[in-house]
Amino acid sequence: MSLDHTKNIIEVNDVSFSYGNVPALKNITLVIHQGDYVGVIGPNGSGKTTLLKIMLGLLKPSSGQVRLFGKPLSRFREWSKIGYVPQKAINFDPLFPSTVREVVAMGRYGKRGLVRWLNKDDQEIIDRSLRQVEMFEYKDRLIGDLSSGQQQRVFIARALAGEPEVIFLDEPTVGVDVKTQEQFYTLLEQLNKELGLTLILISHDIDVIASEVTELACINQTLVYHGEPKEFVKGDYLQKLYGKNIRQILHDH
Amino acid sequence: MLFDIFHYSFIVRGLEAGLLIAIIAPLIGIFLVLRRYSLIADTLSHVSLAGVAIGLLLKVNPLFTALGASALSSIAIERLRTSKKIYGETALSIFLSGSLALAIVLIGLANGFNVDLFSYLFGSILTVRQTDIYLIFSLTVIITILLTIFYKELVYISFDEEAARVSGIPVRLFNNLFILLAAATVAIAIPIIGILLISALLVLPVVTALQFKKSFKITLLLAEVISISSVLAGIFTSFYLNVSSGGAIVLIMLAVFVLVLAMKGGPTHSLGKR
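Residues numbered from 1 in each chain as written. Chains lettered and ligands numbered in written order. Predicted model: local features only at pLDDT ≥ 70, side-chain atom pairs only at ≥ 80, totals over all residues. Heavy atoms only, no water.

A.B. asks: Please set out the overall build of chain B residue by residue, giving values where relevant.
C.D. replies: When helices and strands are counted, chain B shows 13 helices and zero strands. When the helices and strands of chain B are read in sequence order from the N terminus, they spell out α-α-α-α-α-α-α-α-α-α-α-α-α. Dimensions along the principal axes, computed over C-alpha positions, put chain B at roughly 60 × 45 × 35 Å. Evaluated residue by residue, chain B yields a buried proportion of 53% over its 274 residues. (Helix = DSSP H or I, 4+ residues; strand = E, 2+ residues; numbered from the N terminus. Buried < 20%, exposed > 50% of the residue type's maximum accessible area, 1.4 Å probe, protein only.)

As structure tokens, then:
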């Protein structure tokens, strides 16, 4: 896959959003290019999940515009280019009667379109996605019976099954132990480097994310910083983001 | 002999209607249960009672008026729910008590009807008319076809509505379509099951099947088996013991549920986690 790092995948242009009278985002402008691995970070309540939902068209911005693959959201139809791993992935209904394979198959539904059943090609892509996240042996297990780390992998496989060009992940490692987290980030790095997938990763876990991603966007209602993680760590952005004693906290970690 | 033949024609109608209802009930019920919509069935059935009352008052087939009332209210309920102006369950209780009030007033205005209201409340194979069979049959075919066509979208929306939306599925359209189909199912189940027992028909076989902890397809299949066998057994019981068919069916379903629950290790194992 040849990557064009100048190609705009997502353009967020002067976007603001408020819940009733409570402003959540102010004048965010952000461009994400093909092949980027972007960490969107910010404290709780900073509006990062809101921004993600706006980028995905789940929320309408109060003002400003979002373009996906060059098209305004209202006219964007190529949803199969978008993969989504929601935060909910770890607190979905554990009683839902679905096998791992059935869950991953859902990722194929949008691609296949309405009134069409999945065919043999789809089944192969589903199996391939399961192998990519090393969950193929678990394909007949019930999703609710897996550990949260394994479930997280299944949700990645579901996103992969749609053969997307970009994957959005909302706090994917919440509730997952440290060792599983490491494996998880290795997997994301592979997806980004080997498959050339554009990744947008929402997290509040700054020190972990900063060492993984190629670009950081820091949000606290406004866009506080956007650039390489190195520069971010050098600068005093953390103070802006979290207040004074954040360096102390990071060193203790 | 004559007596036997008389019995024969209505029990055949009852079995036909029952079988059709038993087939579609789990198809609708599985999505109702998984989406925490179980109470909608109850609400729509009470709305249907108001519909039945209107039908009896206007002297048209109550099944048609029940269908109309149920379908219209289902869309209104969905609108209210998505508008987020009031809580979802509040919308349900407003419709439930409101339509019950309307039904009671209409029944009072007509000085009681010359029909057995009891059979509409609890179901009776005697209430099934030949025109009902045609209506039930056509709606069963339509509902089954639509649910088969849109099976994958409905599964996705039930599992993860947000991700379904991001994948480009027109979620709102499907929610409206689904609740309309649920409304139709509730309305046509009235003659056999009765207004007060419909939600049990939709919910019990599915909840029982869920205890087996199998894939979506197998769960649906198990629910179908439980639903069809309980409904048929219930109608025979109702015939031989001369009791309400709805009551007999629901008691049999309940017995199966309790049996399966006991076999599978009790309710704490499955529902306690939530």
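The discussion continues.
A.B. asks: Requested: an account of the sheet that holds strand β3 (residues 37-41) of chain A, with residues and values cited.
C.D. replies: Residue and element names in this part refer to chain A. The sheet built from six strands is open, its strands ordered β6-β7-β8-β3-β9-β10 with mixed pairing. The open sheet has two free edges, formed respectively by β6 (82-85) and β10 (222-227), since each of these has just one partner strand. Ignoring which end each strand starts from, the neighbouring axes of this sheet average 15° apart. Pairing geometry for strand β9 (residues 215-220) and β10, over five bridges, is antiparallel. (Pairing = 2+ DSSP bridges. Axes fitted to C-alpha atoms, helices over the stretch in contact; angles between N-to-C directions.)

A.B. asks: So what's going on with the sheet that holds strand β1 (residues 8-19) of chain A? Residues and values would help.
C.D. replies: Residue and element names in this part refer to chain A. What the four strands build is an open sheet, ordered β2-β1-β4-β5; its pairing is antiparallel. Each edge of the sheet is formed by a strand with only one pairing partner; in this case those strands are β2 (22-33) and β5 (71-72). Examined bridge by bridge, β1 and β2 share eight bridges and lie antiparallel to one another. Across the sheet, phenylalanine 17 pairs through a bridge with leucine 25, a residue of β2. Contacts from helix α1 (residues 48-55) reach β1, β2 and β4 (63-68), with the element oriented near 120° to β1. (Contact = heavy atoms within 4.5 Å.)

A.B. asks: I'd like a rundown of the pattern of salt bridges, residues and numbers included.
C.D. replies: Residue and element names in this part refer to chain A. Taken as a whole, this structure holds 14 salt bridges over all chains when the rule is applied. One salt bridge connects lysine 81 with glutamate 78, and the closest N-O pair in it is separated by 3.1 Å. A relative accessible area of 31% means that glutamate 78 is categorised as partly exposed. Put simply, aspartate 140 and lysine 139 hold a salt bridge, and the shortest N to O gap is 3.6 Å. Residue aspartate 140 is classed as exposed on the basis of its relative accessible area of 57%. Assessed through its relative accessible area of 22%, lysine 139 is described here as partly exposed. Several salt bridges converge on common partners, so that one network encompasses Arg108, Asp122, Arg128 and Glu163. (Salt bridge = Lys/Arg side-chain N within 4 Å of Asp/Glu carboxyl O.)

A.B. asks: How would you summarise helix α11 (residues 216-241) of chain B if you had to cite specific residues and measurements?
C.D. replies: Residues and elements named next belong to chain B. End to end, α11 covers 37 Å across 26 residues, agreeing with the expected 38 Å (1.5 Å per residue, within 8%). If you check which residues of α11 are buried, you get Phe216, Thr219, Leu220, Ala223, Glu224, Ile226, Ser227, Ser230, Val231, Gly234, Ile235 and Ser238. Of the residues trailing α11, asparagine 242 is marked for its positive phi of about 55°. (Expected span 1.5 Å × (residues − 1).)

A.B. asks: Go over the pairing of β6 of chain A, please, and point to the residues and values.
C.D. replies: Residues and elements named next belong to chain A. The side-chain alternation of β6 yields two buried faces, one formed by Ile82 and Tyr84 and the other by Gly83 and Val85. Where β6 lies against strand β7 (residues 166-170), four bridges are found, and the strand directions are parallel. Across the sheet, residue isoleucine 82 finds its bridge partner in β7, namely valine 166.

A.B. asks: An account of the side chain of asparagine 192 of chain A is requested, with residue identities and associated values reported.
C.D. replies: Residues and elements named next belong to chain A. Considering the arrangement of structural elements, one finds asparagine 192 in helix α5 (residues 178-193). We classify asparagine 192 as buried; its relative accessible area is 9%. Within the structure, the side chain of asparagine 192 is placed 3.0 Å from the backbone oxygen of glycine 35, a separation counted as a polar contact. A polar contact of 2.9 Å, which involves the side chain of asparagine 192, links it to the backbone oxygen of leucine 197. In this structure, asparagine 192 is in contact with Gly35, Asp36, Tyr37, Leu197 and Leu199, ignoring residues within four places of it in sequence. (Polar contact = N/O pair within 3.5 Å; in protein donor to acceptor, adjacent residues only side chain to side chain.)

A.B. asks: Can you explain empty space enclosed by the protein? Please cite residues and give values.
C.D. replies: Applying the stated criterion across every chain yields a total of three cavities of 30 Å³ or more. Its volume calculated, the largest cavity comes out at about 150 Å³. Along its surface, the largest cavity is lined by 15 residues, and Ile82, Gly83 and Gly107 of chain A together with Tyr156 and Ser167 of chain B are the ones closest to its centre. Looking at the lining of the largest cavity, the elements with two or more residues in it are β6, α2 (100-112) and α4 (148-161) of chain A together with α8 (161-166) of chain B. Taken together, the residues that form the lining of the largest cavity break down as seven nonpolar, six polar and two charged. (1 Å grid on protein atoms, 1.4 Å probe; cavity = no way out; pocket = protein on both sides within 12 Å on 5 of 7 lines; lining within 4 Å. Points joined across faces, edges and corners; volume = space filled by probe spheres on them. Nonpolar A, V, L, I, M, F, W, Y, C, P; charged D, E, K, R; others polar.)

A.B. asks: Tell me about the interface of chain A and chain B, and please be specific about residues and values.
C.D. replies: Residue-level contacts link 33 residues of chain A with 33 residues of chain B. Both sides of the chain A and chain B interface together cover about 2,900 Å² of buried area, and 69% of this is carbon and sulfur. Together, Leu95, Phe96 and Tyr109 of chain A form the three largest contributors to the area buried by chain A at its contact with chain B, with a combined 21%. Where chain A touches chain B, the interface holds three salt bridges. In this structure, the salt-bridge partner of arginine 158 of chain A is aspartate 160 of chain B, at a minimum N-O distance of 2.9 Å. One can count seven residue pairs in polar contact (both at pLDDT 80 or more) joining chain A with chain B. Listing elements by their share of the side of chain A that touches chain B, those giving two or more residues are β6, α2 and α4 of chain A. Among the residues making up the side of chain A that touches chain B, the classes are represented as 20 nonpolar, five polar and eight charged. (Buried area = accessible area lost by both parts, 1.4 Å probe.)

A.B. asks: How would you summarise helix α3 (residues 62-83) of chain B if you had to cite specific residues and measurements?
C.D. replies: Residues and elements named next belong to chain B. With 22 residues, α3 ought to run about 32 Å at 1.5 Å a step, and its terminal C-alpha atoms sit 31 Å apart, in line with that. Among the residues of α3, those classed as buried are Pro62, Leu63, Thr65, Ala66, Leu67, Ala69, Ser70, Ser73, Ser74, Ile77 and Glu78. Tucked inside the fold, the buried residues of α3 contact α2 (38-58), α4 (88-109), α5 (117-122), α6 (130-149) and α9 (171-193). Where α3 begins, the capping side chain belongs to asparagine 61, and its oxygen is found 2.9 Å from the backbone nitrogen of leucine 63. Two residues or fewer after α3 comes lysine 84, characterised by a positive phi angle close to 60°.

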